[in-house]
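Next come the chains, spelled out residue by residue.
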Amino acid sequence: IRIGDGWAQDAGIYEFTMGATGDVVKARYTYVYVFEDNQWKIAHHHSSVMPEGIDIAKAITEDEVRGLFHLWNDALATLDSDAVTKRYAKSGVLLPTVSDIPRTDYDSIKDYFDAFLLKKPQGVILESNVMIGTNWCQDAGIYEFDLLGDKVKARYSFIYKYEDGQWKIAHHHSSMMPEPLLA
């Protein structure tokens, strides 16, 4: 607190509770008061969330986005469905190539890979199109899988989010190429 002739300043740190969510927010503040018309009035107020409370954007390059596929593909090579499933975000969604069931939680994603890994899949990206945003990125295109000697070409989209210090798959959609089915 600083006090001058007809003014005062208070600066520090406070916490307040958000009414709608109940979240507690820690912030820096500054008040400057002036004595006017026989009473103290706020001449200036500034408040800002503490910097450590801000999610800082995690930078990623296009090559690094493409490399995220290799982390997932390497997990497939372990034939460990838990290792593969851990590549997905907590609220990740998998719309798989060889199942009609959307997988929207850890157990259902793991269940899919329990069966899929029996085919010893290994993929290669043939065409990749990358988009990057703040703490999210997307890689969409065409990949081909070797499944016990059978080659399967499919369209894919991976949307990744930065979660708990790692890039995780928030959404993964894979579907076989429609041309052979329509011919």
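Residues numbered from 1 in each chain as written. Predicted model: local features only at pLDDT ≥ 70, side-chain atom pairs only at ≥ 80, totals over all residues. Heavy atoms only, no water.

Caption draft 1: Expanded view of the sheet that holds strand β5 (residues 88-95). Spatial strand order, β5-β9-β8-β7-β6: 5 strands in an open sheet with mixed pairing. Two strands close off the open sheet at either side, each with one partner strand: β5 and β6 (122-133). Between one strand and the next, the sheet's axes are offset by a mean angle of 20°, whatever the strand orientation. Direction of pairing for β6 relative to strand β7 (residues 136-147): antiparallel, over a ladder of 11 bridges. What sits directly across from Ser128, in β7, is Gly141. Along the sheet face, helix α1 (residues 62-77) touches β5, β6, β7, β8 (150-163) and β9 (166-176) and points at about 140° away from the line of β6. Helix-sheet contacts for helix α3 (residues 106-116) involve β5 and β7, and the interaxial angle to β5 is about 55°. (Pairing = 2+ DSSP bridges. Helix = DSSP H or I, 4+ residues; strand = E, 2+ residues; numbered from the N terminus. Axes fitted to C-alpha atoms, helices over the stretch in contact; angles between N-to-C directions. Contact = heavy atoms within 4.5 Å.)

Caption draft 2: Region of interest: the packing of aromatic side chains. Evaluated as defined, the whole model comprises 22 aromatic pairs. Taking 5.5 Å as the distance between ring centres and 20° as the angle between the ring planes, the aromatic pair formed by Tyr112 and Phe116 counts as stacked. Linking Tyr112 with Phe116, this pair stays in helix α3, spanning 4 residues, or about one helical turn. Like Tyr112, the residue Phe116 is buried in the burial classification. (Phe/Tyr/Trp six-rings, centres within 6.5 Å; stacked < 30°, edge-to-face > 60°. Buried < 20%, exposed > 50% of the residue type's maximum accessible area, 1.4 Å probe, protein only.)

Caption draft 3: Representation of the side chain of Thr85 within the structure. Relative to the helices and strands, Thr85 is located in helix α2 (residues 81-85). When near neighbours in sequence (up to four residues on either side) are disregarded, Thr85 contacts Tyr106, Ile109, Lys110 and Phe113.

Caption draft 4: Region of interest: the sheet that holds strand β1 (residues 2-4). Taken in spatial order, the 4 strands make up an open sheet running β1-β2-β3-β4, and their pairing is antiparallel. One side of each edge strand has no neighbouring strand; the edge strands of this open sheet are β1 and β4 (39-49). Geometrically, the sheet is characterised by an average inter-axis angle of 25° between neighbouring strands, direction not taken into account.

Caption draft 5: Structural view of α1. In this model, α1 (16 residues) spans 24 Å end to end at C-alpha, consistent with the 22 Å of a helix rising 1.5 Å per residue. Three or more residues of α1 are buried, namely Val65, Leu68, Phe69, Trp72, Asn73, Ala75 and Leu76. The arc that holds every buried residue of α1, seen down its axis, measures 155°, which confines them to one face. In the stretch just after α1, Leu79 is the one whose phi turns positive, near 60°. (Expected span 1.5 Å × (residues − 1). Arc of directions from axis to C-beta.)

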